[in-house]
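# Reading the structure
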Amino acid sequence: MRRIAVCPGSFDPVTFGHIDIFTRASTLFDKVIILVSTNLSKQPLFTPTERIKMIMDVTAGMDNVVIDILDGLLADYVREVGACAIVKGLRAVSDFEYEFQMALANKKLYPDAETVFLTTSTENMYLSSSVVKQIAAFGGDISSFVPEIIRESIVNRITGVK
Ligand code: PNS
């Protein structure tokens, strides 16, 4: 049986922290679907299509990884593709309550999938898309947080180039 995992998130934009989770998930499962999903409590900087393009650029070498987009319920998507797991990165205790709540809700909606938490590598503990955008907005150096191609997209968007 092929074991499929879904790795959902806003990815607005993708960071080295996300890429670390994608890489590790791709060694644990036969297929990993990175799912650009809607978080109603966030106001995104990039469109879903732009985010997909960015993720495609940074996962080019990962053979068992595909990217998809969702404007609906995660649990329904997981059921439709026959995934056995939802993979999320867990950075710190501060993430836990929110992630635990989502894991329980998803389990209730679709009991056949488990949420699997991968602890973020220590160098990415503090890293989030929001922190990266804030630093970039104030002209800070984000080159150690995101790949160069993503850095350019963020700076261009924030400075209004495109
Ligand atoms: O990267 P984020 O913003 O923390 O990811 C949260 C996300 C997008 C995975 C979550 O908001 C989600 O699953 N959205 C899809 C809609 C849904 O199923 N919501 C209920 C989750 S319990």
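Calculation rules
- Residues numbered from 1 in each chain as written.
- Predicted model: local features only at pLDDT ≥ 70, side-chain atom pairs only at ≥ 80, totals over all residues.
- Heavy atoms only, no water.
- Salt bridge = Lys/Arg side-chain N within 4 Å of Asp/Glu carboxyl O.
- Helix = DSSP H or I, 4+ residues; strand = E, 2+ residues; numbered from the N terminus.
- Buried < 20%, exposed > 50% of the residue type's maximum accessible area, 1.4 Å probe, protein only.
- Patch = residues over 30% accessible without salt bridge, like charges linked within 9 Å, V, L, I, M, F, W, Y side chains within 5 Å.
- Areas by Shrake-Rupley, 256 points an atom, 1.4 Å probe, with all protein chains shown as cover.
- Near = heavy atom within 4 Å.
- Polar contact = N/O pair within 3.5 Å; in protein donor to acceptor, adjacent residues only side chain to side chain.
- Nonpolar A, V, L, I, M, F, W, Y, C, P; charged D, E, K, R; others polar.
- Pairing = 2+ DSSP bridges.
- Axes fitted to C-alpha atoms, helices over the stretch in contact; angles between N-to-C directions.
- Contact = heavy atoms within 4.5 Å.
- Arc of directions from axis to C-beta.
- Right-handed = clockwise from strand over helix to strand, strands pointing away.

## Quick notes on the pattern of salt bridges
Enumeration over the complete set of coordinates arrives at ten salt bridges. We note a salt bridge from lysine 88 to glutamate 99, for which the minimum N-O separation is 3.5 Å. Here lysine 88, found in strand S4 (residues 85-90), pairs with glutamate 99, found in helix H4 (residues 93-109); they are eleven residues apart in sequence, far enough to count as distant. A relative accessible area of 7% places glutamate 99 in the buried class.

## Notes on a nonpolar patch on the surface
A cluster of nonpolar side chains, namely Phe96, Phe100 and Leu104, defines an oily patch on the protein surface of about 290 Å² accessible area. Its location among the elements puts phenylalanine 96 in helix H4. Judged by its relative accessible area of 39%, phenylalanine 96 falls in the partly exposed class.

## Here's the deal with the site of the ligand
As a matter of local geometry, the ligand sits amid 15 residues, with Ser10, Thr38, Asn39, Lys42 and Leu74 nearest to it. One of the side-chain N or O atoms of lysine 42 is found 2.7 Å from an oxygen atom in the ligand. Contact with the protein chains covers 82% of the free accessible surface of the ligand, which is 540 Å². Contributing elements (two or more residues each) for the shell around the ligand: strand S1 (4-9) and H4. Of all the elements, H4 adds the most residues to the shell around the ligand, at four residues. The residue inventory of the shell around the ligand, partitioned by class, reads six nonpolar, seven polar and two charged.

## What about the sheet that holds strand S5 (residues 114-119)?
With parallel pairing, the five strands of this open sheet are ordered in space as S3-S2-S1-S4-S5. Since the sheet does not close on itself, it has two edges, and those belong to strand S3 (65-69) and S5, each with one partner. The sheet shows a mean angle of 30° between the axes of neighbouring strands, direction not considered. With two bridges connecting them, S1 and S4 associate as parallel partners. By the bridge assignment for S4, valine 6 is matched with isoleucine 86. In the packing of helix H1 (residues 16-28) onto the sheet, contacts are made with S1, strand S2 (31-36), S3, S4 and S5, and the angle to S5 comes to roughly 125°.

## Quick word on helix H3 (residues 74-81)
Turning to H3, its buried residues number three or more, namely Leu74, Ala75, Tyr77 and Val78. Summarising the axial view, the buried residues of H3 lie within an arc of 160°, below the 170-degree limit, and thus occupy one face. Where the residues of H3 are buried, they touch S1, S2, S3, S4 and H4. Just past H3, the residue glycine 82 takes up positive phi, approximately 70°.

## Describing the pairing of S3
In this sheet, S3 lies alongside S2 in parallel orientation, the contact comprising five bridges. The residue of S3 that forms the bridge with leucine 35 is aspartate 68. After leaving S2, the chain enters helix H2 (residues 48-58) and then returns to the sheet as S3, a path that is right-handed.

## Brief notes about the side chain of lysine 133
Position of lysine 133 relative to the elements: it lies in helix H5 (residues 129-137). Other than its neighbours up to four places away in sequence, lysine 133 contacts Asp12, Pro13, Leu45 and Ile158.

## A short note on unusual backbone geometry
The linkage connecting aspartate 12 with the following residue, proline 13, adopts the cis geometry, with an omega of 0°. You can see proline 13 is positioned in the loop between S1 and H1. At phenylalanine 11, a position not held by glycine, the phi torsion is positive, near 50°. On the secondary structure map, phenylalanine 11 appears in the loop between S1 and H1.

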